[in-house]
Amino acid sequence: MVKISVIIPTLPENYERLNNCINSLLRYRDEAEIELIIIPNNWEGFEKPVNRGLTMATGDYLLICNDDVVATQYAWDRWMINGFNNDVGMVSGIGYEWKDLPSYWFVMMKKSVYDFVGGLDESFFVFCSDHDHAMRIKQAGFKIVHKGLCPGIQHYTSSTTRSKLFEEKIGREQELIEKNKQLFFKKWGFR
């Protein structure tokens, strides 16, 4: 049986939607064994809690999943795993978002790819670390498959970054996006 480690970073105020996420992923899986790794995010960005979860993961595949994702159809796990072959390192269940790179609200990678490439670069903060990580996966010679939106997977909101609490704890969203984009461009040498 295939084992999937599901890494879900979550803020303390998001436990209701976290509960909906967990229950739906477990209810609508096909036959994969699921290892749930719930990582509290105390307003420390996206990278640190995801990296903590990745280091704890023991599955064959690692799914990074936002706490506001809900499964509504059977066999999301089989649909994602079917996207892999020998040279595929990551499957995106959302299509792509920016520069043909996935955002990490519902992506799966092989554990062996994580072991080779490592975790997210913590010099980024909240934005662009996912795109940077995807670039590192590509640079290592693995393909990223954009299968489109995984049937039955719904992403309800990215409202955390647009909330007044986010601005109080972290800063203005647009300023963070620009700062992290500049870091990404400097690291990868393109715009």
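Each value, and the rule that gives it
- Residues numbered from 1 in each chain as written.
- Predicted model: local features only at pLDDT ≥ 70, side-chain atom pairs only at ≥ 80, totals over all residues.
- Heavy atoms only, no water.
- Core = buried A, V, L, I, M, F, W, Y, C linked by side-chain atoms within 4.5 Å.
- Buried < 20%, exposed > 50% of the residue type's maximum accessible area, 1.4 Å probe, protein only.
- Helix = DSSP H or I, 4+ residues; strand = E, 2+ residues; numbered from the N terminus.
- Contact = heavy atoms within 4.5 Å.
- Expected span 1.5 Å × (residues − 1).
- Arc of directions from axis to C-beta.
- Pairing = 2+ DSSP bridges.
- Axes fitted to C-alpha atoms, helices over the stretch in contact; angles between N-to-C directions.
- Patch = residues over 30% accessible without salt bridge, like charges linked within 9 Å, V, L, I, M, F, W, Y side chains within 5 Å.
- Areas by Shrake-Rupley, 256 points an atom, 1.4 Å probe, with all protein chains shown as cover.
- Salt bridge = Lys/Arg side-chain N within 4 Å of Asp/Glu carboxyl O.
- Parallel < 35°, antiparallel > 145°, perpendicular 65-115°, else oblique.
- Left-handed = near helix turned anticlockwise from the far one by under 90°.
- Nonpolar A, V, L, I, M, F, W, Y, C, P; charged D, E, K, R; others polar.

Caption draft 1: Seen up close, the nonpolar core. One finds Leu54, Ile64, Tyr104 and Phe184 to be the most contacted residues of the largest nonpolar core, which totals 32 residues. Elements with a minimum of two residues in this core: β2 (33-40), α2 (47-56), β3 (61-65), β6 (106-110), α4 (111-117), α5 (129-139) and α7 (173-188). The greatest single-element share of this core, amounting to 5 residues, is contributed by α7. Those residues in contact with Leu54, other than ones at most four positions away along the chain, are Ile7, Leu62, Ile64, Met109, Tyr114, Gly119 and Leu120. Ranked by size, the runner-up nonpolar core spans 27 residues in total, among them Tyr28, Ala71, Phe84 and Val88.

Caption draft 2: Fine view of α7. In a regular helix each residue adds 1.5 Å, so 16 residues correspond to 22 Å; α7 covers 22 Å between its end C-alpha atoms and thus fits that length. Where α7 is concerned, the buried positions are Glu173, Leu176, Ile177, Asn180, Phe184, Phe185 and Trp188. Seen end-on, α7 carries its buried residues on one side only, within an arc spanning 165°. Looking at α7, the residues exposed on the side facing more than 90 degrees away from the buried face are Glu175, Lys179 and Lys186.

Caption draft 3: Structural context of the sheet that holds β6. Pairing within the open sheet is mixed, and its 6 strands lie in the order β2-β1-β3-β6-β5-β7. What marks the edges here is a single partner per strand, and that holds for β2 and β7 (143-146). On average, adjacent strands in this sheet sit at an angle of 20° to one another, irrespective of strand direction. Sheet topology places β3 next to β6; 5 bridges connect them, and they run antiparallel. Pairing of Leu62 across the sheet is with Met109, part of β6. The strands touched by helix α1 (residues 15-27) are β1 (3-10), β2, β3 and β6; relative to β1, the strand with the most contacts, the crossing angle is about 170°.

Caption draft 4: Summary view of a nonpolar patch on the surface. Residues Leu26, Leu36 and Ile38 make up a contiguous nonpolar surface patch of about 190 Å² in total accessible area. Here Leu26 shows up in helix α1.

Caption draft 5: Region of the structure containing unusual backbone geometry. Despite not being glycine, Ala75 shows a phi value in the positive range, around 75°. Along the chain, Ala75 falls in the loop between β4 (69-71) and α3 (76-81). Owing to a relative accessible area of 9%, Ala75 belongs among the buried residues under this scheme. We note that Val126 has phi near 75°; this positive angle belongs to a residue other than glycine. The exposure class of Val126 is buried, given its relative accessible area of 19%.

Caption draft 6: Seen up close, the packing of α5 against α7. The geometry of α5 relative to α7 is characterised by a closest axis approach of 11 Å and an angle of 20° between their N-to-C directions. As the angle between them shows, α5 and α7 are arranged roughly parallel. When you trace α5 past α7, the crossing you get is right-handed. In contact with His131, Asp132, Met135, Arg136 and Gln139 of α5, α7 contributes Phe184, Lys187 and Trp188. Per-class residue counts for the contact of α5 with α7 are 3 nonpolar, 2 polar and 3 charged.

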